[in-house]
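One-letter residues, chain by chain:
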Amino acid sequence: MDTADTGATAETSSAPARPGLVLGALIAVAAVANLGLAVANVALPSIGKHFDASQTELNLVAVGYSLGLAASVLYFGAVGDRYGRKLLLILGMILTVPADCLAAWAPSIDVLFAARVIGGLAAGMAYPTTLALITALWSGPARTKSIALWAAIGGGVSALGPLCSGILLEHYWWGSVFLLTVPLALISLVLALVLVPSHVNETTESVDHPGGVLSILLVGALILGINFAAVPNKTTLVVSLFIVASMALVAFYIRQRRAANPLYDLHVAARPTFWVAACAGLIVFGSLMGSMYIGQQFLQNVLGYSTVDAGLAILPAVFCMVIVAPRSAKLVETKGARFTLLFGYLFVLLGFLTMLLLWKENIAYWKVGLGYAFVGLGVGLAGTPASHSLTGSVPVRRVGMASGTADLQRDLGGAIMQSIFGALLTAGYAAAAGAAVAASGKNVNNQVQTELTKSFSSAADTASRYPMSVQDQIIAAAKTAFLQGDQWAYLAGIVAVVLGAALVFLMFPKRDEERRLLAAYQAEDAVPVPNNTPAGQLDAVS
């Protein structure tokens, strides 16, 4: 229902040769990126202890992969559209191996962060190709089902990452979690070489390299600014980063209006089925990544779960996403994307409310599982229409832009939500821990107070140097401080979900209007575009 190819009926209802194998290969490549996003979370307490890291440093390690992926996905998607999506996919899988090995044996927290960013850049080469090729090779209801499987399995792999990481951490060192993606990357490389078609609806027009550089600068400065916002004595750095992000945004907008072959077609981006779906997806997928990030630390630091138990705890989210996503595709076809998005938002909201109200010290597991199940149901329902509406709003020859935006939904949404949650957790924990130190009435020197307030891991490490009775007091106070900090994060999640639902309710077209608009876009985009068409109406690349 959303192709805009040459109009041939055979193409409208076609699928590639060996569709199951091709889709499996593309999902395997996407799984490498999804697994890379998730493996660090369960290892954060161990990483914190090993490097005596602050909460901000842990936030950066958690968000580093998303940062590299989100910053590069638009640019690399455009490069792939021009020079070969399969080529970029293969290069991304190759670069993944040394990046993950560097992370596994990183000698310092700074090197670990850099390795995570490089891993994200590798994923930025490969990940945009997957949805772009699905959109180019499938059409109609078959495309919707393929996207649903792509979204469900990708989300499931992300959620399974902590479980696999937890098992490794029971037997090996913290860096072993980053080696999880190496065998999968090698297998995906072989599958891509053998099965993935080359040069499917690719462009021959030039790449907007200045726009690509500006997009990297914009996303990178924004995410780093959010992460450092809660750090004391970093005001100048934070203000500078936000100024850079603002200037890059203005420059990017001007560039896209004037470029002969813009990286991002603002004419297409203005379509309500595109920009509303893009914003909705940012919040949905960001909620998944944010809840996993805070949740893993809560399970280990506050509830005392082992790494394996913490990984097992999120299985309800995996189960619900995988079960619901195919049904979401049917719901999109019958009820429309707007209804399905709002239905998904309802469950994500219930998930955050469960975490806010029920996730306390010494709780039974069913309360943990309930929160994850709600989030999994919400993401499973809303993920398909969020991606489907993007691809349905552009023609196949412009699919790089849609796939890049769909990738940004996960990567930028995850990076922003994790950064906001992490910053709020940092601020809330530091405030509560500082108040606890002041209320203790004990003479605590500045160095010890800094160690106690910078992160739970640091407080636990400091406690180990004192007698058992003092250790218990410090750990109890650190748990209380963490619980106060994570409340700030869950409240932010609730606010984001409510705002996102309001946006979808007010701005996204209802089913009949959505179908009318998509048909109109198809007709408009099927008209050949002359070479002298203004830049705002071109979309040569992603």
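It should be emphasised that the depicted structure is a prediction, and the values quoted were computed from it without experimental measurement.

Parameters at a glance
- Residues numbered from 1 in each chain as written.
- Predicted model: local features only at pLDDT ≥ 70, side-chain atom pairs only at ≥ 80, totals over all residues.
- Heavy atoms only, no water.
- Helix = DSSP H or I, 4+ residues; strand = E, 2+ residues; numbered from the N terminus.
- Buried < 20%, exposed > 50% of the residue type's maximum accessible area, 1.4 Å probe, protein only.
- Contact = heavy atoms within 4.5 Å.
- Areas by Shrake-Rupley, 256 points an atom, 1.4 Å probe, with all protein chains shown as cover.
- Salt bridge = Lys/Arg side-chain N within 4 Å of Asp/Glu carboxyl O.
- Axes fitted to C-alpha atoms, helices over the stretch in contact; angles between N-to-C directions.
- Parallel < 35°, antiparallel > 145°, perpendicular 65-115°, else oblique.
- Left-handed = near helix turned anticlockwise from the far one by under 90°.
- Nonpolar A, V, L, I, M, F, W, Y, C, P; charged D, E, K, R; others polar.
- Phe/Tyr/Trp six-rings, centres within 6.5 Å; stacked < 30°, edge-to-face > 60°.
- Core = buried A, V, L, I, M, F, W, Y, C linked by side-chain atoms within 4.5 Å.
- Expected span 1.5 Å × (residues − 1).
- Bend = angle between axes of the 7 residues up to and from the residue.
- pLDDT = per-residue confidence, 0-100.

(A) Fine view of the overall build of the protein chain. Each helix and strand in the protein chain was counted, giving 20 helices and zero strands. In the protein chain, which comprises 542 residues, the share counted as buried stands at 61%. Long-range pairs, those at least 24 residues apart, make up 85% of the contacts in the protein chain between residues at least 6 apart in sequence. For the protein chain, the accessible surface area stands at approximately 19800 Å², while carbon and sulfur atoms represent 68% of it.

(B) Fine view of the pattern of salt bridges. The tally for this structure, following the rule as stated, stands at four salt bridges. D208 is the partner of R255 in a salt bridge, and the nearest nitrogen-oxygen pair spans 2.7 Å. Pair noted here: R255 is in helix 9 (residues 235-258) and D208 is in the loop between helix 7 (181-195) and helix 8 (209-228), with a separation of 47 residues, a long-range link. Of the residues examined, R255 reaches a relative accessible area of 31% and is grouped as partly exposed.

(C) Highlighting the packing of helix 11 (residues 272-302) against helix 14 (residues 337-358). Close contact between helix 11 and helix 14 brings their axes to 11 Å; oriented N to C, the two are set at 30°. Relative to helix 14, helix 11 is oriented roughly parallel. Here helix 11 runs over helix 14; the crossing is left-handed. Mapping the contact onto sequence places C279, A280, I283, V284, S287 and S291 in helix 11 and L341, Y345, V348, F352 and M355 in helix 14. Considering only residue class, the contact of helix 11 with helix 14 consists of nine nonpolar, two polar and no charged.

(D) Just the packing of aromatic side chains, in detail. Going through the model one piece at a time under the given rule, you end up with 12 aromatic pairs. When the ring of W359 is compared with that of Y372, the centres are 5.4 Å apart and the planes differ by 70°; the resulting orientation is edge-to-face. Placement of W359 in the loop between helix 14 and helix 15 (365-392) and of Y372 in helix 15 is noted, with a sequence separation of 13 residues between them. Assigned by exposure class, W359 and Y372 land together as buried. One aromatic cluster is present, built from ring pairs that chain together F298, W359, Y372 and Y490.

(E) Representation of the nonpolar core in the model. Counting residues in hydrophobic clusters, the biggest one holds 154 residues, and the most contacted among them are I47, L112 and F178. In terms of residue count, helix 2 (residues 19-51) provides more of this core than any other element does, 19 residues in total. What F178 contacts, discounting residues up to four positions off in sequence, is V39, A40, I47, D100, A103, A104, L112 and R116.

(F) Local environment of unusual backbone geometry. Even without glycine at this site, D52 takes up a positive phi of about 50°. Positionally, D52 belongs in the loop between helix 2 and helix 3 (55-83). The class of D52 is partly exposed, set by a relative accessible area of 27%. A positive phi is found at N362, a non-glycine position, where the angle reads about 65°. Here N362 lies in the loop between helix 14 and helix 15. Residue N362 is classed as exposed on the basis of its relative accessible area, which comes to 70%.

(G) Highlighting helix 3. In a regular helix each residue adds 1.5 Å, so 29 residues correspond to 42 Å; helix 3 covers 41 Å between its end C-alpha atoms and thus fits that length. The principal kink in helix 3, of about 50°, is found at V73. The buried count for helix 3 comes to 26 of 29 residues, which makes it a mostly enclosed element. Looking one or two residues past helix 3, G84 carries a phi angle of roughly 125°, positive in sign.

(H) Quick look at the packing of helix 2 against helix 11. It is the contact of helix 2 with helix 11, at a shortest axis distance of 8 Å, that shows an interaxial angle of 25°. What the angle tells us is that helix 2 and helix 11 run roughly parallel. For the pair helix 2 and helix 11, the crossing hand works out as right-handed. From helix 2, L37, N41, V42, L44 and P45 reach across to helix 11, where they touch M289, M292, Y293, Q296, Q297, Q300 and N301.

(I) A look at the confidence of the model for the protein chain. Residues with a pLDDT of 70 or more make up 87% of the protein chain, whose mean pLDDT is 80. When the elements of the protein chain are averaged for pLDDT, helix 1 (residues 9-12) gives the smallest value, 42, and helix 14 the largest, 93. In the model, residues 1-11 has pLDDT below 50 throughout and makes 26 contacts with residues more than four positions away in sequence or in other chains. Low confidence marks residues 531-542, where pLDDT is under 50. Its contacts with residues over four positions away, or in another chain, come to 44 contacts.

(J) How the structure looks around the side chain of Q296. Take Q296: it is sitting in helix 11. Q296 sits in the buried class, given a relative accessible area of 0%. Beyond its immediate sequence surroundings of up to four residues, Q296 is in contact with N41, V42, P162, A310, G311, I314 and Y372.

(K) A look at the side chain of T307. Counting through the fold element by element, T307 comes out in helix 12 (residues 307-312). Classification of T307 as buried rests on a relative accessible area of 9%. Look past the residues within four positions of T307 in its chain and what remains in contact with it is V42, P162, G166, L169, E170 and Q300.

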